[in-house]
Amino acid sequence: MVVNIYEKYTILESSNFLLRLTEMEDCDDLLKVYSDKNALPFFNSDNCDGDNFYYTTKERMTEALRFWKLSYENGWFARLSIADKSVSSVIGTVELCLRVSEDNFNHMGILRIDVRSDYEKEEILYDIIVLIIPHISEMLECDGILTKVPNYAIERMKAVQRAGFTKSEYFLIGKTGYAYDGYWIIK
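Conventions we followed
Residues numbered from 1 in each chain as written. Predicted model: local features only at pLDDT ≥ 70, side-chain atom pairs only at ≥ 80, totals over all residues. Heavy atoms only, no water. Buried < 20%, exposed > 50% of the residue type's maximum accessible area, 1.4 Å probe, protein only. Helix = DSSP H or I, 4+ residues; strand = E, 2+ residues; numbered from the N terminus. Pairing = 2+ DSSP bridges. Core = buried A, V, L, I, M, F, W, Y, C linked by side-chain atoms within 4.5 Å. Contact = heavy atoms within 4.5 Å. Lys, Arg positive; Asp, Glu negative; His and termini not counted. Salt bridge = Lys/Arg side-chain N within 4 Å of Asp/Glu carboxyl O. Phe/Tyr/Trp six-rings, centres within 6.5 Å; stacked < 30°, edge-to-face > 60°. Lys NZ or Arg CZ within 6 Å of the ring centre and 35° of its normal.

Draft legend 1. Main features of the pairing of strand E10 (residues 183–186). The alternating pattern of E10 places Tyr183 and Ile185 and Trp184 and Ile186 on opposite faces, both of which are buried. Note: strand E6 (residues 145–148) against E10, four bridges, orientation antiparallel. If you follow Ile145 over to E10, its bridge partner there is Ile186.

If you want it as structure tokens, here you go:
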């Protein structure tokens, strides 16, 4: 049984992937993800105070891991590592948080998926998405799920459509009032 992600350590597993809270031991594998220039355009950094998630040193990756741990402990967001069981390696992360806002996405769960560029493929992204979406409403106590898909992210777009997401006609309004587009939803 899956419960609120901030109340109980959550592990999700399929035949291909294992999702669990990010750990400091993931640093070297995650540095390969967050220093991958070809993966960078697919990372969602909307409303992240200028962080674009491009980390080229172990020190910077360690700082990010410490911040992600602090954020989880404070209930701001949860960052889960995605382990590819076939190669026993972490190939990306999933970020989950509950959106509290005055726009059309209030009380929805935000799903961010960051993977190495060689994993930015429809089948892989679909496997990760369908592993997690059945549990997000319990984990975040939310009304639906929101994820960003840039219009050039063709493989990602096919994966979210296949999982049942539809493109939203609304913009996500950020903390500064900036309107972000490219969001897909599922309720």
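Draft legend 2. Spatial organisation of the nonpolar core. Ranked by size, the top nonpolar core spans 39 residues in total, and within it Val94, Leu96, Leu111, Ile132, Ile133 and Phe165 carry the most contacts. A per-element tally of this core places helix H3 (residues 122–140) first, with eleven residues. Look past the residues within four positions of Leu111 in its chain and what remains in contact with it is Val94, Glu95, Leu96, Ile132, Ile133, Ile136, Ile145, Leu146, Thr147, Lys148 and Phe165. By size, the runner-up hydrophobic cluster in this structure holds 26 residues, among which are Tyr34, Phe53, Cys97 and Ile110.

Draft legend 3. Summary view of the side chain of Asp36. Looking at the element boundaries, Asp36 is found in the loop between helix H1 (27–34) and helix H2 (58–73). Although Asp36 is buried, it makes no salt bridge; Arg116 carries the closest opposite charge, 5.7 Å away. Aside from chain neighbours lying at most four places away, what touches Asp36 is Tyr54, Arg116 and Ser117.

Draft legend 4. Up close: the packing of aromatic side chains. Considering all chains together, one arrives at eleven aromatic pairs under this definition. Their ring planes at 45° and their centres at 6.3 Å tell us that Phe105 and Tyr183 sit as a pair that is tilted. Here the residue Phe105 occupies a position in the loop between strand E4 (89–98) and strand E5 (109–115), and Tyr183 occupies one in strand E10, the gap between them amounting to 78 residues. A residue is classified by how much of its surface remains accessible, and Tyr183, at 1% relative accessible area, is buried. Linked through ring pairs, Tyr34, Phe43, Phe53, Tyr55 and Trp68 together constitute an aromatic cluster. The cationic tip of Arg79 hangs over the ring face of Trp68; the distance from NZ or CZ to the ring centre is 4.1 Å. A cation sits over an aromatic face here: Arg162 above Tyr126, 3.8 Å from the ring centre.

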